[in-house]
Amino acid sequence: MDLEDKVALVTGGAQGLGRSFVEILLKNGAKVAIIDVNESLGNELKVTLNQEYGPDRTEFYTADVTSEEQFKGVFQKVVEKYGQIDIVCNNAGIINENDWEKAIAINLGGVVRGTYLALDHMKKDKGGKGGVIVNVASLAGLGPLFPTPVYTATKHGVVGFTRAMAGVSTLANHGVRINILCPGFVNTNLVTLFSSEEHVGRFLHLRNLSEKILEQYGVMETDHVAKAFLVLVKDETKNGEALMVHVDGAAFYSFPKQVKDFPSTKVNL
Ligand SMILES: NC(=O)C1=CN([C@@H]2O[C@H](COP(=O)(O)OP(=O)(O)OC[C@H]3O[C@@H](n4cnc5c(N)ncnc54)[C@H](O)[C@@H]3O)[C@@H](O)[C@H]2O)C=CC1
Ligand SMILES: CCC(=O)/C=C/C=C\C[C@@H](O)/C=C/C=C/C=C\[C@@H](O)CCCC(=O)O
């Protein structure tokens, strides 16, 4: 996919990984709608990006991805302003093992809502132009991150939901590819939370384990992950794929094609 003049929408775009996705999309010629619940950070970023790219390449919209009204309204405003949406990145996410229902609502519910809203505007069988959706999971969507079990569950949910929706999109001829980004640890606000009782709650006693896991995997910079994000956006052969990103590079996860191919040990019943 050539990104020149394409229209992208990125949730959680005001900082961290989302901001790096916004910036790499702009560098490749796209226009970007930045969605975030943090209004002050979003407005600050808009001012910064205006200086580098001019006022017409980005727009910031304050919205909470857990609100159908707000999120749906933002999609409508983006289409009214730019006439189309070609790329959607459902990136907004949190770690909160205390308020785990909030974590589920944002990390999984927000991705489901963003995927459905994106398809409503993009699918070719309803007058759209097709495009690509990238849902941000994590390596914790493929392997359990013990200190954050609910976060792990939300990310496993993003992987399963996205793979199923990629299949639906193919069967329905939506013309929309839907892929998963699975980064390891990245140097953002989020990765500092594992020693915060407010965020890891009853699992705070595992913070030494967290530090060992962080040390084992290393911590990446956001621009490294953004390059992997761009692969999922541009490679039109990829649909339903999970791209793992770690300090040494990136690799597509090999999902077994059928149940009979699942790694298993036979049990006599
Ligand atoms: N930092 C890391 O090590 C990794 C992060 N990820 C995932 O990447 C995504 C982005 O994470 P980071 O950039 O690290 O976090 P971050 O905390 O730096 O940025 C997240 C952004 O999402 C926004 N946000 C939170 N809740 C929202 C809501 N309800 N509606 C709209 N916006 C909301 C926040 O205001 C913030 O600007 C998350 O889904 C996270 O799970 C995945 C793997 C590793
Ligand atoms: C480690 C403490 C913590 O909760 C930090 C979270 C920070 C970032 C968000 C998350 O998306 C990063 C996940 C990285 C996971 C990496 C590997 C796991 O999937 C498996 C770890 C289990 C193991 O190898 O022992």
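The protein has the name 15-hydroxyprostaglandin dehydrogenase [NAD(+)] in an unreviewed UniProt entry, where Triplophysa tibetana is given as its organism. Per its UniProt entry, the protein bears the Sequence similarities (unreviewed entry) comment "Belongs to the short-chain dehydrogenases/reductases (SDR) family."

Asker: Whenever I open this one, the pattern of salt bridges confuses me. Can you help?
Answerer: A side chain of one charge can pair with a side chain of the opposite charge when the charged atoms of the two come close. In the structure shown here, the tally under the stated rule is five salt bridges. Residues glutamate 23 and arginine 19 are paired through a salt bridge, measuring 3.0 Å at the closest nitrogen-oxygen approach. Of this pair, glutamate 23 and arginine 19 are both found in helix α1 (residues 16-27), four residues apart, which corresponds to roughly one turn of the helix. By relative accessible area, arginine 19 is classed as partly exposed at 29%. Between arginine 113 and glutamate 68 there is a salt bridge whose closest N-O contact spans 2.8 Å. Taken as a pair, arginine 113 in helix α4 (residues 100-122) and glutamate 68 in helix α3 (residues 68-82) lie far apart in primary sequence, 45 residues in all. Assessed through its relative accessible area of 39%, glutamate 68 is described here as partly exposed.

Asker: I would appreciate a short explanation of helix α8 (residues 222-234) in the present structure.
Answerer: One full turn of an α-helix is made of 3.6 residues, so residues set three or four places apart face in the same direction. Along its 13 residues, α8 runs 18 Å from first to last C-alpha, staying within 8% of the 18 Å computed at 1.5 Å per residue. Considered for burial, the residues of α8 that qualify are Thr222, Val225, Ala226, Ala228, Phe229, Leu230, Leu232 and Val233.

Asker: Can you walk me through the nonpolar core in this structure?
Answerer: A general trend in soluble globular proteins is that nonpolar side chains are found buried together. Ranked by internal contacts, the top residues of the largest apolar core, which has 36 residues, are Leu9, Phe75, Val78, Val88 and Ile133. Elements that contribute at least two residues to this core include exactly β1 (7-11), β2 (31-36), α3, α4, α5 (149-171), β6 (176-183) and β7 (242-246). Counting residues per element, this core draws most heavily on α4, which supplies six residues. Ignoring sequence-local partners within four residues, the contact set of phenylalanine 75 consists of Leu9, Ile85, Val88, Gly114, Leu117, Ala118 and His121.

Asker: Whenever I open this one, the site of ligand 2 confuses me. Can you help?
Answerer: Ser138, Leu139, Gly143, Tyr151 and Tyr217 are the nearest of the 15 residues found near ligand 2. One of the backbone nitrogen or oxygen atoms of alanine 140 is found 3.5 Å away from an oxygen atom of ligand 2. The side chain of tyrosine 217 places a nitrogen or oxygen atom 2.7 Å from an oxygen atom of ligand 2. For ligand 2, the accessible surface in isolation is 660 Å², of which the surrounding protein chains cover 89%. Of the residues assigned to the shell around ligand 2, the class counts are 11 nonpolar, four polar and no charged.

Asker: When you look at the site of ligand 1 in this model, what are you seeing that I'm missing?
Answerer: By nearness alone, 27 residues border ligand 1, and Asp36, Asn91, Tyr151, Val186 and Thr188 come closest of all. For ligand 1, an oxygen atom lies 2.6 Å from a polar atom in the side chain of aspartate 36. At a separation of 2.7 Å, an oxygen atom of ligand 1 approaches a polar side-chain atom of tyrosine 151. Of all the secondary structure elements, the ones that give two or more residues to the shell around ligand 1 are α1 and α5.

Asker: Would you mind going over the pairing of strand β8 (residues 249-252) with me for this structure?
Answerer: Side chains on a regular strand alternate between the two faces of the sheet. Summarising the sheet, β7 and β8 pair through four bridges and their orientation is antiparallel. Following the sheet pairing, valine 245 is matched in β8 by alanine 250. Hairpin connection between β7 and β8: a loop of two residues separates the two successive antiparallel strands.

Asker: Looking at this structure, how should I read the sheet that holds β1?
Answerer: Hydrogen bonding along the main chain pairs the strands of a sheet, whether they run parallel or antiparallel. What the eight strands build is an open sheet, ordered β3-β2-β1-β4-β5-β6-β7-β8; its pairing is mixed. Single-partner strands in this sheet number two, and they are β3 (58-62) and β8. Neighbour to neighbour, the strand axes of the sheet diverge by 20° on average, direction disregarded. As paired strands, β2 and β3 are joined by five bridges and run parallel to one another. Its bridge partner being in β3, valine 32 is matched across the sheet by threonine 58. Most of the contacts of α1 go to β1, to which it runs at about 170°, and overall it touches β1, β2, β3, β4 (87-90), β5 (131-136) and β6. In the packing of α3 onto the sheet, contacts are made with β1, β2, β3 and β4, and the angle to β3 comes to roughly 160°.

Asker: Mind showing me how you'd approach the environment of glutamate 211 here?
Answerer: Relative to the helices and strands, glutamate 211 is located in helix α7 (residues 207-217). What makes glutamate 211 partly exposed here is its relative accessible area of 42%. The spacing of glutamate 211 and threonine 48 is 163 residues in sequence and 34 Å in space, taken between C-alpha atoms.

Conventions adopted
- Numbers given for residues are sequential positions, taken from 1 along each chain in its written order.
- Labels are handed out in written order, letters beginning with A for the chains and numbers beginning with 1 for the ligands.
- Totals for whole chains, interfaces and linings use every residue, but because this is a predicted model, local features are given only for residues with pLDDT of at least 70 and side-chain atom pairs only at 80 or more, for both listing and counting.
- Only hydrogens and water are set aside; all other atoms, that is, all heavy atoms of the structure, feed into the side-chain values.
- UniProt positions are given in the numbering used here, feature names are shortened, and annotations may be inferred rather than shown by experiment.
- For this document, the term salt bridge refers to a Lys or Arg side-chain nitrogen within 4 Å of an Asp or Glu carboxyl oxygen.
- In this description a helix means any DSSP run of H or I spanning at least four residues, a strand means any run of E spanning at least two, and both kinds are numbered starting from the N terminus.
- Note on classification: 1.4 Å probe, protein chains only; a residue is buried when its accessible area is under 20% of the maximum for its type, exposed when over 50%, partly exposed between these limits.
- To estimate how far a helix should reach, multiply one less than its number of residues by 1.5 Å.
- We call a set of buried Ala, Val, Leu, Ile, Met, Phe, Trp, Tyr and Cys residues a nonpolar core when their side-chain atoms join them within 4.5 Å.
- Two residues qualify as a contact provided that any one of their heavy atoms is within 4.5 Å of a heavy atom in the partner residue.
- To be near a molecule or strand, a residue needs just one of its heavy atoms within 4 Å of it.
- The term polar contact refers here to a pair of N or O atoms within 3.5 Å; inside protein, the definition further demands a hydrogen-donor-capable atom paired with an acceptor-capable atom, and it admits residues adjacent in sequence only when both atoms are side-chain atoms.
- Residue-level accessible areas treat just the shown protein chains as cover; the underlying method is Shrake-Rupley with a 1.4 Å probe.
- Under this grouping Gly is polar, as are all residues other than the nonpolar Ala, Val, Leu, Ile, Met, Phe, Trp, Tyr, Cys and Pro and the charged Asp, Glu, Lys and Arg.
- For two strands to be treated as a pair, DSSP must find no fewer than two bridges joining them.
- In this analysis, axes come from line fits to C-alpha atoms, helices being fitted only over the stretch in contact, and the angle between any two N-to-C directions falls in the range 0 to 180 degrees.

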